[in-house]
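Chain by chain, the residues run as shown.
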Amino acid sequence: MIRRGFLSLAATALVALGLSGPGYAQDRFIVVQSTTSTQNSGLFDYILPIFQDKTGIEVRVVAVGTGQAIQNAANGDGDVLFVHARAAEEKFVADGDGVERFDVMYNDFVIVGPPSDPAGVAGSSDAVAALTRIAETQAPFASRGDDSGTHIAELALWKEAAIDVAAASGDWYRETGAGMGATLTTGTGMGAYIMTDRATWISFGDKGDYQIVVEGDPRMFNQYGITLVNPEKHPNVKADLGQEFVDWVISPEGQEAIASFQIDGQQLFFPNAGN
């Protein structure tokens, strides 16, 4: 109720200032701080035109690692945060930088590797055991190393395996400091194992003879969330337009748009806003 009341007051103020007429239409855009996986997978290219056709609101996406996206949003450089690192998102709200976080969709992480499978992990559904084996054999592993949602999830698995990858950095463990697509390109080029979100892997166009070697571990569940950046802390936030996007994404129409996005008959994201 408080949120709706705030938005109503904001809309009234816009009318009073003469900012709601045709001249204001050119400002009907929002900036969404998001991840490379939502961009590289093609999801935004699919769903954003549907939203814009319905509302007239243009969505401009800044696609970076989740950590950087959260930092950008905390600096007030954006209207909406759409990422996949739940604990960090909840802290973003607790710190007063976001209004309220909502689940949007999920998929999972997988580990891909070369056909030679030097660590002998192909067919495993135990990510921790597979990473332990990769470390034991010192098989090359390419990490994003960029504080992204994928990197955060990967580090949690290494921690559970009691492997100090910082000590192996530059040896068998290589950090690209890049997005998922670039890391896949680098990793496949060097014959390394790589942990990736499934959506980016499906949409990745240069797989060569690489294949998924580890999948199905519940610990590789990958949840995405969406949050309006707090206009009380960041007055430049377009609260009404941003909230309209949030509401659409978690609405039945937005959820159906997400569910219908497929590549080669494969669904890349599974909506769960109502769960």
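Quick caveat, the model's predicted, so the values are computed rather than measured.

Cut-offs applied
Residues numbered from 1 in each chain as written. Predicted model: local features only at pLDDT ≥ 70, side-chain atom pairs only at ≥ 80, totals over all residues. Heavy atoms only, no water. Buried < 20%, exposed > 50% of the residue type's maximum accessible area, 1.4 Å probe, protein only. Helix = DSSP H or I, 4+ residues; strand = E, 2+ residues; numbered from the N terminus. Pairing = 2+ DSSP bridges. Core = buried A, V, L, I, M, F, W, Y, C linked by side-chain atoms within 4.5 Å. Contact = heavy atoms within 4.5 Å. Expected span 1.5 Å × (residues − 1). Axes fitted to C-alpha atoms, helices over the stretch in contact; angles between N-to-C directions. Parallel < 35°, antiparallel > 145°, perpendicular 65-115°, else oblique. Nonpolar A, V, L, I, M, F, W, Y, C, P; charged D, E, K, R; others polar. 1 Å grid on protein atoms, 1.4 Å probe; cavity = no way out; pocket = protein on both sides within 12 Å on 5 of 7 lines; lining within 4 Å. Points joined across faces, edges and corners; volume = space filled by probe spheres on them. Phe/Tyr/Trp six-rings, centres within 6.5 Å; stacked < 30°, edge-to-face > 60°. pLDDT = per-residue confidence, 0-100. Polar contact = N/O pair within 3.5 Å; in protein donor to acceptor, adjacent residues only side chain to side chain.

**With respect to the pairing of strand β7 (residues 193-197)**
Consideration 1: Counting buried positions along β7 gives five out of five residues, so the element sits mostly inside the fold.
Consideration 2: On β7, burial covers both faces: Tyr193, Met195 and Asp197 on one face and Ile194 and Thr196 on the other are all buried.
Consideration 3: The pairing of strand β4 (residues 98-113) with β7 spans four bridges and is antiparallel. Residue pairing for β7: Val110 is matched across the bridge by Thr196.
Consideration 4: Strand direction decides the pairing type here: strand β5 (residues 141-143) and β7, joined by two bridges, are parallel. Bridged to Ala142 within β7 is Ile194.

**Quick look at the nonpolar core**
Consideration 1: Grouped together as the largest cluster of nonpolar side chains are 38 residues, with contacts concentrated most on Phe82, Ile226, Phe245 and Phe269.
Consideration 2: In contact with Phe245, other than residues within four places in its own chain, are Ile30, Val32, Leu48, Phe51, Val59, Val80, Phe82 and Ile226.
Consideration 3: In terms of nonpolar packing, the next biggest core, distinct from the first, is built from 25 residues, Phe109, Ala130, Val213 and Met220 among them.

**Some words on unusual backbone geometry**
Consideration 1: With a phi angle near 60°, Ala162 is a residue other than glycine that sits in the positive phi range.
Consideration 2: Position of Ala162 among the secondary structure elements: in the loop between α7 (149-160) and α8 (165-168).
Consideration 3: A relative accessible area of 70% means that Ala162 is categorised as exposed.
Consideration 4: A positive phi angle is found at Asp264, which is not glycine, with a value near 50°.
Consideration 5: With respect to the helices and strands, the residue Asp264 is situated in the loop between β10 (262-263) and β11 (266-267).

**Re α7**
Consideration 1: Helix length check: α7 (12 residues) gives 17 Å between terminal C-alpha atoms against 16 Å at 1.5 Å per residue, within 8%.
Consideration 2: Within α7, the full set of buried residues consists of Gly149, Thr150, His151, Ala153, Glu154, Leu157 and Trp158.
Consideration 3: Two residues or fewer after α7 comes Ala162, characterised by a positive phi angle close to 60°.

**Concerning the packing of helix α4 (residues 66-74) against helix α5 (residues 86-94)**
When two helices pack together, you describe them by how their axes are tilted relative to each other and by the distance separating the axes.
Consideration 1: Viewed as axis vectors pointing N to C, α4 and α5 meet at an angle of 10°, and their least axial separation amounts to 11 Å. On the basis of the axis angle, α4 is roughly parallel to α5. Seen from α4, the contacting residues are Ile70, Ala73 and Ala74; seen from α5, they are Ala88, Glu89 and Phe92.
Consideration 2: Along the lines of polarity and charge, the residues of the contact of α4 with α5 split into five nonpolar, no polar and one charged.

**Some thoughts on the layout of surface pockets**
Consideration 1: In this structure, the largest pocket spans a volume of roughly 290 Å³.
Consideration 2: Along the wall of the largest pocket there are 16 residues; nearest its centre are His84, Ala85, Arg86, Ile152 and Ala153.
Consideration 3: Elements supplying a minimum of two residues to the lining of the largest pocket: α5, α7 and β9 (221-229).

**As for the packing of aromatic side chains**
Consideration 1: According to the stated counting rule, one finds 13 aromatic pairs in the structure shown.
Consideration 2: The interplanar angle of 35° and the centroid separation of 5.5 Å between the aromatic rings of Tyr46 and Phe261 together place this pair among those described as tilted. Linking Tyr46 in helix α3 (residues 43-55) with Phe261 in the loop between α12 (252-260) and β10, this pair joins segments that are 215 residues apart in sequence.
Consideration 3: A relative accessible area of 34% places Tyr46 in the partly exposed class.

**With respect to the confidence of the model for the chain**
Consideration 1: Averaged over every residue, the pLDDT of the chain is 91; the share at 70 or more is 91%.
Consideration 2: Considering only residues more than four positions removed or in separate chains, one finds that residues 1-24, a stretch of pLDDT under 50, has 18 contacts.

**A look at the side chain of Asn222**
Consideration 1: Of note, Asn222 is situated in strand β9.
Consideration 2: Among the residues examined, Asn222 registers a relative accessible area of 2% and is labelled buried.
Consideration 3: A polar side-chain atom of Asn222 sits 2.8 Å from a polar atom in the side chain of His84.
Consideration 4: Setting aside anything within four residues of it in sequence, one finds Asn222 in contact with His84, Met105, Tyr106, Asn107, Asp108, Phe109 and Asp197.

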